[in-house]
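# Architecture and fold: a report
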Amino acid sequence: MDQKTYLIVDFIEDRAITTCSDGRTVEIEFENIPEDSKKGDTLLHTEGTYVKQK
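In short, a report on the structure. The structure presented is a predicted model; accordingly, all values stated were derived computationally and were not measured.

On to the overall build of the protein, then. Counting its secondary structure elements, the protein contains zero helices and five strands. The globule rule puts the C-alpha radius of gyration for 54 residues at 10 Å, and the 10 Å found for the protein is close to it. For the protein, the spread of C-alpha atoms along the three principal axes comes to 35 × 20 × 20 Å. Taken across its 54 residues, the protein has 26% of its residues classed as buried. Contacts spanning at least 24 positions in sequence make up 29% of the contacts within the protein whose residues lie at least 6 apart. Accessible surface for the protein amounts to roughly 3,900 Å². Of this, 45% is attributable to carbon and sulfur atoms. Measuring between centres, the 7 positive side-chain charges of the protein sit 5 Å from its 12 negative side-chain charges.

This part is about the side chain of Thr18. Looking at the element boundaries, Thr18 is found in strand S2 (residues 15–20). Within polar-contact distance, the side chain of Thr18 engages the backbone oxygen of Val26 at 2.8 Å. Apart from the residues within four sequence positions on either side, Thr18 is in contact with Tyr6, Leu7, Ile8, Val9, Arg24, Thr25, Val26 and Ile28.

Conventions used here
- Residues numbered from 1 in each chain as written.
- Predicted model: local features only at pLDDT ≥ 70, side-chain atom pairs only at ≥ 80, totals over all residues.
- Heavy atoms only, no water.
- Helix = DSSP H or I, 4+ residues; strand = E, 2+ residues; numbered from the N terminus.
- Rg over C-alpha atoms; globule rule 2.2 N^0.38 Å.
- Buried < 20%, exposed > 50% of the residue type's maximum accessible area, 1.4 Å probe, protein only.
- Contact = heavy atoms within 4.5 Å.
- Areas by Shrake-Rupley, 256 points an atom, 1.4 Å probe, with all protein chains shown as cover.
- Lys, Arg positive; Asp, Glu negative; His and termini not counted.
- Charge placed at Lys NZ, Arg CZ, Asp CG, Glu CD.
- Polar contact = N/O pair within 3.5 Å; in protein donor to acceptor, adjacent residues only side chain to side chain.

Put into structure tokens, the structure is as follows:
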């Protein structure tokens, strides 16, 4: 199974707006992403949390 990635493209109110590797737009609440996240970061959803892809 391929792991999906999420590219942060914007921030609105209390959410990060991301583009998923499957083409969907996904909104993720700030409390669920690393504090130092910024536009252009790529996140992986692993073990129930989002982490920055290295």
